Amino acid sequence: QTCLLIGTEKDLDVKTSKYNALNFLPMNLFEQFQRLANAYFLFLLFLQLIPQISSLAWYTTVVPLMVVLSITAVKDFISAFFPPSIVKIRLWHAGIQGSLSCRIVTEKWMNVQVGDIIKLENNQIVTADILLLSSSEPYSLTYIETAELDGETNLKVKQAISVTSEMEDNLKLLSAFDGEVRCESPNNKLDKFTGILMYKGKNYILNHDRLILRGCVIRNTDWCYGLVIFTGPDTKVMQNSGKSTFKRTHIDHLMNVLVLWIFLFLGCMCFLLAVGHYIWENNKGYYFQDYLPWEDYVSSSVFSATLIFWSYFIILNTMVPISLYVSVEIIRLGNSFYINWDQKMFYEPKNMPAQARTTTLNEELGQVKYVFSDKTGTLTQNIMIFNKCSINGILYGMSLVSLGRYIPKEKVDFSYNKLADPKFSFYDKTLVEVVKKGDHWVHLFFLSLSLCHTVISEEKVEGELVYQAQSPDEGALVTAARNFGFVFRSRTSETIMVVEMGKTRIYQLLAILDFSNTRKRMSVIVRTPENRILLFCKGADTILCQLLHPSCRSLKDITMDHLDDFASDGLRTLMLAYRELDSAFFQDWSKKHSEACLSLENRENKISIVYEEIERDLMLLGATAIEDKLQDGVPETILTLNKAKIKIWVLTGDKQETAVNIAYACNIFEDEMDEIFIVEGNNGETVGGELRSAREKMKPGSLLESDPVNSYLTTKPQPPFKIPEEVPSGSYGLIINGYSLAHALEGNLELELLRTACMCKGVICCRMTPLQKAQVVELVKKYKKVVTLAIGDGANDVSMIKAAHIGVGISGQEGMQAMLSSDYAFSQFRYLQRLLLVHGRWSYNRMCKFLSYFFYKNFAFTLVHVWYAFYSGFSAQTVYDTWFITFYNLIYTSLPVLGLSLFDQDVNETWSLRFPELYEPGQHNLYFNKKEFVKCLLHGIYSSFVLFFIPMGTVYNSEISDYQSFSLIVQTSLLCVVTMQVLSGREEGKEGGKISLETTYWTMISHVFTWGSLGFYFCILFFLYSDGLCLLFPDTFQFLGVARNTLNLPQMWLSVVLSIILCMLPVIGYQFLKPLFWPIIDRIHHCMRHPLPYPIRTKLKHTASRRSAYAFSHKQGFGALITSGKTVKAKLPKRNSSHYKR
């Protein structure tokens, strides 16, 4: 046994699916029979097994039901049982002939167990929560990136305890490790861990700094070894990931309600028909028993009526045909293929197409109201670029042309600098020329960048520098200085080596005044080779402006204007300054600094005061502008989604300044907003007050009892209740941090938070835990009647992806966990607008048209039996031929409606994106709801009335007196009516007939499906009514010669024509009046015929205050670590590392 850990041993088999091999069949069937219609058809099947009431064969229900269940089960099985496997490294040992031998083997994640010692290398993802034992770095430091956990791209450092760090990579020592770990039980607290390591008779305290969590990425560390503490669902990130739930669309829920309505309507109709049968039997049937004798088991009219009730229940079941669900599955599958095949959502650099990982949520994509997005890796690329700078009042960087588009100048050639980073790009040669001329201020500016930082340099190959930066911003700034000729080459705890324009100079490091979230700046004090003492400072402009010397006033004003330009471009800004110190002053200050550091009481406050003494009267050098590079098309995508009335909330674990900066860059926040509210209270009372104050400003009077929403809430509605939409008086934004959010999500404050946030145009929630992300999504789902979508790329986004109605995974730089837990996946955030505005809107419109038409045609088909009952003694006889009933939904009317539902477009994709406002009806579910369903029912009742009584009037007192001919006339009229309603559609972009009736986009396939179905009906008609079949199977085919005789009669075609005209009149009237009341489609069609040029975007000068997303971590910097000397390789004799060599 490698080691002992107190607790339950579990493997790393993390389940993101709700199924396994044992529970798949029962759970899948249980979920499918949650659909009320499926349960209804199962009940109907049992009824059809009773011969006394069955008027249809049992297999007419069994076969379609099995097909529906099988198609859905196969689809769910494929998505659940074919996950990708990922391979990692696991260390084990085995006893051979009484001695220990060890080797390194490769294992899958799922085989890693508690107590294993695993080896991780640079840029690998951590597979479990591990206790760091040793690493390749000095003092067993290990640098990690936690972007997948908290969204931060800055590096963090972990350190092994000294007793285990001595093992280094010696496999014999590692395999002989027999420590015992006692620790807390699994929990979801990402920033806390308590435990004890008992090893060699001593106890060692373990805390969060010793633990590397699953989902982290090893950076700038060749290798490290760790002891597995938690695996699989016990890891902290999985404790935050939430549970998988069965997602169903709002239309699914609505269909369940409508099916229940149809049951009630069906029950009422069957009851009324049974009563009619009872009355008819009492008044007439009883006296005609010589001609119409009762069956032996019928004892009275009441018993006969009871049997007739169930017979009609079976006959009228086609009001909700089983083919409805088969068709829905086919439509959803087809629309999913469109997403998978969309070339405009294919990301060529990664060879990654869009993926519809579920087929059940497509129409829900057309109804999204709230989008919850991660920031890091979702909106941004995690790439920092040195974009512009201002030095001594002169602006350097990219230029802006008059049309409002950035046109880069020619790329600067840094070949003169042998130590330049070849990946660095800059587009202003002017700055290089100034550097070469030896401009004093420019040199001092870049010297400041090369000295004032906590970056650690590594040079394994001569001239190839690798920077280990705590934040990507710092790395970008030091790299910029490196390329312009001021190369930070190495450091010790007391010196910094810089190559300045090819000359090596060593600066003595006197002090690092490290960054903190309160100070918002950092400084270094160095002694130059000329024995000058200089202080270099960089930080947020709002702070440094207060520390400048009065002589810098005019330069400060110019630099502030430049900062305005940087901020309006969404760039992350920093201000740089310096001060030359008198030697005697510094010596005096150094003593105060030492005393403050040794103080036992209020140490941090005393150190802060000492820092302020020396960080004053600074001379301004300039400012930098770093671009936190957004993914391509993010601002345009968010602008388009905003026009579609979709609200964007950013839920991130990153710090507030960075999140807000990105919000401005992405158009979530705008300078033209009336106000942006910041909620940062430390207790519930303060947070509640801030939320109420914000709500009062957005909607004056919203705190009064007379406010409609307050009046509604005072009635104490029973949960779950929905809060109506509130309209603010302007455009507002909201920023809230995770600590304040924890209070806001408690008790009554959650409604305050929701009401305030939902009135804002954009919401930024920062410093959030994964669990809080899910809680915010659940809050909106709980109290708002809307569709939510969550999009992210990291394991910290899994919980909100699972919680939202729709989860979208970005296959980004933070692993595949989010994608594997998502419903849809692609590589770029910009594809979201195509997913929603094109595929989502089309899917919603198609599904609504399909349902409207399907219910209509089946009401028209089924309710003819009701009118016929008045002429057949309510005897549960069918109007139609049995084969027509069998083929009506299966063949005759299935292809036209499928053609509509798979190919119809009211406007093409270009205009769907050009007019995002078209998306809004789906958010309010205007195209298919209970009201539209009632319209379909009334239209179906009217059509069934026409389809029965027009043929009845046509054949009345004529030579046509047989049931078979009348049946043929009715069914032909019915099929022509429902087909002609499809045919009344016209070419693309024009309004059409019924399929609400509404085919608006005709393709060759649509024509084949529609005309072909009608032609196929007549072919089948002559085949089924042929002499041969009727003579061979007289009991099955009883319409001998009917087709040949009836189709030659003028009454037949008169009936068809009159039925079509009368049934089409309401549709034509609706289509005529529609543009008068809903003119938006006509306006769009006018624009399609006479397109306007795309507006030219111009750059506006923003007057709002600057946003300074300073280039630091939100936590304490690496200053103390550097001055301690722990970053320097210890010169210790190398131990024997057995036979394994790196």
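Residues numbered from 1 in each chain as written. Predicted model: local features only at pLDDT ≥ 70, side-chain atom pairs only at ≥ 80, totals over all residues. Heavy atoms only, no water.

Visitor: What is the right way to read the pattern of salt bridges from this model?
Guide: Two side chains with opposite charge may pair up if their charged atoms get near one another. Applying the stated criterion to the full structure yields 36 salt bridges. Close ionic contact of Glu180 with Arg182 constitutes a salt bridge, the shortest N to O distance being 3.1 Å. For the salt bridge of Glu474 with Lys538, the shortest nitrogen-to-oxygen distance reads 3.3 Å. Note that Glu474 is positioned in helix α13 (residues 472-483) and Lys538 in strand β26 (residues 533-539), a separation of 64 residues in sequence. You'll find Glu474 and Lys538 in the same group, each marked buried. Taken together, the salt bridges that share partners define one network made up of Asp342, Lys344, Arg834 and Glu909. (Salt bridge = Lys/Arg side-chain N within 4 Å of Asp/Glu carboxyl O. Helix = DSSP H or I, 4+ residues; strand = E, 2+ residues; numbered from the N terminus. Buried < 20%, exposed > 50% of the residue type's maximum accessible area, 1.4 Å probe, protein only.)

Visitor: Just checking my understanding: could you explain the packing of aromatic side chains for this structure?
Guide: The description of an aromatic ring pair rests on the distance of the ring centres and on the angle between the ring planes. A full pass over the atoms with the stated rule returns 52 aromatic pairs. Judged by centre distance (5.0 Å) and plane angle (45°), the ring pair of Phe850 and Phe854 falls under tilted. With a gap of four residues between them, Phe850 and Phe854 both fall in helix α27 (residues 831-862), about one helical turn apart. Taken individually, Phe850 and Phe854 each receive the classification buried, so the pair is uniform in this respect. Taking 6.1 Å as the distance between ring centres and 25° as the angle between the ring planes, the aromatic pair formed by Phe855 and Phe859 counts as stacked. Residue Phe855 and its partner Phe859 are both found in helix α27; the two are separated by four residues, about one turn of the helix. Both residues of the pair, Phe855 and Phe859, belong to the buried class. Through pairs of rings, three or more aromatic residues link up here, namely Phe386, Phe414, Phe424, Phe426, Phe445, Phe446, Phe484 and Phe486. Between Lys436 and the ring centre of Tyr416, over which it is positioned, the NZ or CZ distance is 4.5 Å. (Phe/Tyr/Trp six-rings, centres within 6.5 Å; stacked < 30°, edge-to-face > 60°. Lys NZ or Arg CZ within 6 Å of the ring centre and 35° of its normal.)

Visitor: Whenever I open this one, the packing of helix α23 (residues 749-758) against helix α24 (residues 770-783) confuses me. Can you help?
Guide: Two packed helices can be described by the angle between their axes and the distance between those axes. Contact geometry for α23 and α24: axes closest at 11 Å, N-to-C directions at 85°. As judged from the angle between their axes, α23 and α24 are roughly perpendicular. Contacts from Glu750, Leu751, Leu753 and Leu754 of α23 reach α24 at Leu779, Val780, Lys782 and Tyr783. (Axes fitted to C-alpha atoms, helices over the stretch in contact; angles between N-to-C directions. Parallel < 35°, antiparallel > 145°, perpendicular 65-115°, else oblique. Contact = heavy atoms within 4.5 Å.)

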